[in-house]
Amino acid sequence: MMFNRHAVWSIYKFEIARFGRTILTSLLTPVITTSLYFIVFGSAIGSRMTEVGGVPYGAFIVPGLIMLSMFTESISNASFGIYMPKWAGTIYELLSAPVSPFETVVAYVGAAATKSLLLGLVIFATAHLFVDVQVAHPLLMLGFMVLIAATFCLFGFIIGIWAKSFEQLQVVPLLIVMPMTFLGGAFYSIDMLPAAWRTVALFNPIVYLISGFRWTFFGKGDVAIGISLAATCGFLAICLVIISWMFKTGYRLKN
Amino acid sequence: MQPIISISNLTKTYKSGHQALKRVDLDIRKGEIFALLGPNGAGKTTMISIICGIVNPSSGTVTADGHDIVRDFRAARTKIGLVPQELHTDSFETVMATVTFSRGLFGKAPHPAHIEKILKDLSLWEKRNTKIQELSGGMKRRVMIAKALSHEPQILFLDEPTAGVDVELRRDMWGLVRELRESGVTIILTTHYIEEAEEMADRIGVITKGELILVEDKSVLMQKLGRKTLTLNLSEPMTTIPAELGEWALTLKADGNELEYVFDTNAERTGIPSLLRRMSDLGIAFKDLNTRQSSLEEIFVNLVHTPAGEAS
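All values derive from a computational prediction rather than experimental measurement. Sequence positions are assigned chain by chain, starting from 1 and proceeding in written order. Written order determines the labels here, with chains lettered from A and ligands numbered from 1. It should be noted that, the model being predicted, local features are given only for residues of pLDDT at least 70 and side-chain atom pairs only at 80 or more, the latter also being counted only at that level, while totals for whole chains, interfaces and linings use all residues. Only hydrogens and water are set aside when side-chain values are computed; all heavy atoms of the structure are taken into account.

Draft legend 1. The arrangement of the side chain of R141 of chain B in detail. Residue and element names in this part refer to chain B. Here R141 is to be found in helix α5 (residues 137–149). The charged side chain of R141 is buried without a salt bridge, its nearest counter-charge being E86 at 7.4 Å. Not counting residues up to four positions away in its chain, the partners in contact with R141 are P84, Q85, L87, E160, P161, A163, V165, L169 and M173. Numbering goes from the N terminus for both helices and strands, where a helix is a DSSP run of H or I of at least four residues and a strand is a run of E of at least two. Exposure is judged per residue with a 1.4 Å probe applied to protein chains only, and the accessible area is read against the type maximum: over 50% gives exposed, under 20% gives buried, and values in between give partly exposed. All tallies of charge rest on Lys and Arg as positive and Asp and Glu as negative; His and the ends of each chain are not included. A side-chain nitrogen of Lys or Arg and a carboxyl oxygen of Asp or Glu constitute a salt bridge if their distance falls within 4 Å. Every residue pair with non-hydrogen atoms within 4.5 Å of one another is taken to be in contact.

Written as structure tokens, this is what we have:
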């Protein structure tokens, strides 16, 4: 047995079924949130600020909105996926099964990323109800979404292993990722900031991710697409290194 | 015959500094029922957890059916089923879903007929579409056994399988364990109920303070370490034991109506003929006498309260 496909498929199905139990809130929440953002940001602010860099403001915030939801949802889906068995004690079965760390990650992160991708697409579709958005590079856009979903689900997986309580599970997405996303140009271009703040913003890794995703829509971003891709892949690589270390040492998984 | 599980020099020291296992060596024979006895905190669960891959050993090696549990973990774990002590279940899953999940997790293709057989054997078939959170504790225990058997393991670990379950389930479980043994499955169980080990096990290992102090065939153990008690029903009750009987360790029971004498069956001289002669000389008559073999429980209590060196 080189690859335990039955195990990967079983975990994947288990996780998708878990999402399925909350399908209504999972998919309705982003639709409502997106609509609210469009009403508040698009209509209220957009009526005063018509364009950002030649793109209508309503359309401009679409990539940022998708990213914001995908970041937080990816982290929470993936972290819950691995935290729950730890919390309930059912992790004993995973640890005693003939499943490699790679297969474990593929299954859990794959399932969480699937849900994040669906969510991103739902938000994208909802946005179409409010504004006219043209995507310059649809394939790249999809590719970027997959990359972002995978990266943030890996990050969430790390948090799920690290967390010792439900509170710790929420700390990173709510207190770190959410503010960084707001400050990372989800709803504005960092060109609009004063020069000093623009320099500070460039230290925020989220800027590169949102900028890259926005580039796939409008052909331009705050930073070059190459840098955005490199930053995303760099983050992905860091997550992979941390996860492999966690499995190697059994960090918070095994005694 | 090659042992199905071979533990060599196994040591585990937790981060807290607690040494749970101290250089344990043990071979489990294929097809046997092995009972691991020991007081709480003796290292039973640690040992099982290491073999199953839940706890990392500090040093030493373990092979399962010839496969090293670390280097060749896939082959080793595929052979093993584990029913842990605690009831850990996915509350929102149905019985059928969770047992099917376990089979897949252990790398086996779906086999609905096999799952159906297990659920029927464990009286869970009627509950197959019930969510686990709606089941009683005993039923949850059955679900955990069903999960462990879902991938047709050759080695089954039962960690305190009957702790806190009712008489009926315990009887069912014993029946199931015997059936599994007949089908060739090797069973390793830990238990607090000594009568369970006495009833079921082929061999017994006693572990205390992280050391395996004894491994023996049950019958040999009972014979070797067993003591017998001779009870004499006196014709006339006595208030004190006469000084002339001082060389035998006698106790007076039942309001002076019984004399009890505990003796070692393996001793060259049991001291019984001379005791009876002396009693006859003193004119102490008795109506009846009987002897009783000590139970495994008594042997066990004796063992774990004796320093390791002396016990074996």
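Draft legend 2. The nonpolar core, seen in detail. In this structure, I5 and F157 of chain B are the most contacted members of the largest nonpolar core, which totals 150 residues. Here this core takes 15 residues from helix α3 (residues 57–88) of chain A, the largest share from any one element. Aside from chain neighbours lying at most four places away, what touches F157 of chain B is I5, I48, I51, C52, I80, G81, L82, V83 and I188 of chain B. For this analysis, a nonpolar core means a set of buried residues of the types Ala, Val, Leu, Ile, Met, Phe, Trp, Tyr and Cys, connected via side-chain atoms within 4.5 Å. If you look at the next biggest cluster of nonpolar residues, it comprises 14 residues, including L232, M238, L245 and L259 of chain B.

Draft legend 3. Fine view of the confidence of the model for chain B. pLDDT gives the predictor's per-residue confidence on a scale running from 0 to 100. In the predicted model, chain B carries a mean pLDDT of 89, and the fraction of residues at 70 or more is 95%. With pLDDT under 50 throughout, residues 308–312 of chain B is counted as low confidence; its partners more than four residues away or in other chains account for four contacts.

Draft legend 4. Molecular detail of helix α1 (residues 5–20) of chain A. Taking 1.5 Å of rise per residue, 16 residues should cover 22 Å, and α1 of chain A covers 22 Å from first to last C-alpha, within 8% of that figure. Every buried residue belonging to α1 of chain A is among H6, A7, V8, S10, I11, F14, E15, R18 and F19 of chain A, and all of these are buried. Here, expected helix span is obtained from the residue count minus one, scaled by 1.5 Å.

Draft legend 5. Quick look at the sheet that holds strand β14 (residues 286–293) of chain B. Residue and element names in this part refer to chain B. Spatial ordering of the open sheet is given by β12-β13-β11-β14, a layout of four strands whose pairing is antiparallel. What marks the edges here is a single partner per strand, and that holds for β12 (250–253) and β14. Here the strands of the sheet are splayed against their neighbours by 25 degrees on average, with no regard to which way each runs. Where helix α9 (residues 272–282) meets the sheet, its contacts fall on β11 (227–234), β12, β13 (258–264) and β14, and the angle it forms with β11 comes to roughly 15 degrees. By this definition, two strands are paired if DSSP reports at least two bridges between them. Helix axes are fitted only over the stretch in contact, all axes being lines through C-alpha atoms; the angle between N-to-C directions runs from 0 to 180 degrees.

Draft legend 6. Focus on the packing of helix α6 (residues 138–162) of chain A against helix α9 (residues 205–218) of chain A. Residues and elements named next belong to chain A. Running from amino to carboxyl end, α6 crosses α9 at an angle of 155 degrees, the nearest separation of the two axes being 8 Å. Comparing their axes, α9 and α6 come out roughly antiparallel. The element α6 and its partner α9 pack so that their crossing is left-handed. Residues L140, M141, F144, M145, I148 and F152 of α6 form the contact with α9, whose participating residues are I206, L209, G212, F213, W215, T216 and F217. We call Asp, Glu, Lys and Arg charged. Ala, Val, Leu, Ile, Met, Phe, Trp, Tyr, Cys and Pro are nonpolar, and the rest, Gly among them, are polar. When grouped by side-chain class, the residues that make up the contact of α6 with α9 number eleven nonpolar, two polar and no charged. Angle categories are assigned with fixed cut-offs, so that under 35 degrees is roughly parallel, over 145 is roughly antiparallel, 65 to 115 is roughly perpendicular, and the rest are oblique. Handedness of each helix crossing follows the sense of rotation of the near helix against the far helix: counterclockwise by less than a right angle gives left-handed, clockwise gives right-handed.

Draft legend 7. Examining the layout of surface pockets more closely. Volume-wise, the largest pocket comes out at about 990 Å³. In this analysis, the protein atoms alone were mapped onto a 1 Å grid. Cavities are point sets where a 1.4 Å probe fits without being able to get out; pockets are open sets with protein on both sides within 12 Å along at least five of seven lines; lining residues have an atom within 4 Å of a point. Around the largest pocket, the lining comprises 46 residues; the ones closest to its centre are R18, F19, S76, N77 and F80 of chain A. Mapped onto the lining of the largest pocket, the elements with two or more residues apiece are α1, α2 (23–45), α3, α4 (91–96), α5 (101–130) and α7 (166–183) of chain A together with α3 (95–105) of chain B. Per element, the largest residue contribution to the lining of the largest pocket is twelve residues, and it comes from α3 of chain A. Its boundaries defined by the atoms lining it, the second largest pocket holds a volume of some 660 Å³. L253, K254 and N255 of chain A together with I54 and V55 of chain B are, among the 28 residues lining the second largest pocket, the residues nearest its centre. Elements with a contribution of two residues or more to the lining of the second largest pocket: α4 of chain A together with β1 (5–13) and α1 (44–52) of chain B. Here the lining of the second largest pocket takes four residues from α1 of chain B, the largest share from any one element. Grid points are joined across faces, edges and corners, and a volume is the space filled by probe spheres set on the points.

Draft legend 8. View of the UniProt feature "transmembrane region" (unreviewed entry) in chain A. All names here are of chain A. In this numbering, the UniProt entry assigns the feature "transmembrane region" (unreviewed entry) to residues 23–45, 57–85, 105–127, 139–163, 169–188, 195–217 and 223–247. A helix fraction of 100% and a strand fraction of 0% characterise residues 105–127, whose end C-alpha atoms lie 32 Å from each other. Spanning residues 195–217, this segment combines 87% helix with 0% strand, and its end C-alpha atoms are found 26 Å apart. UniProt positions are given in the numbering used here, feature names are shortened, and annotations may be inferred rather than shown by experiment.

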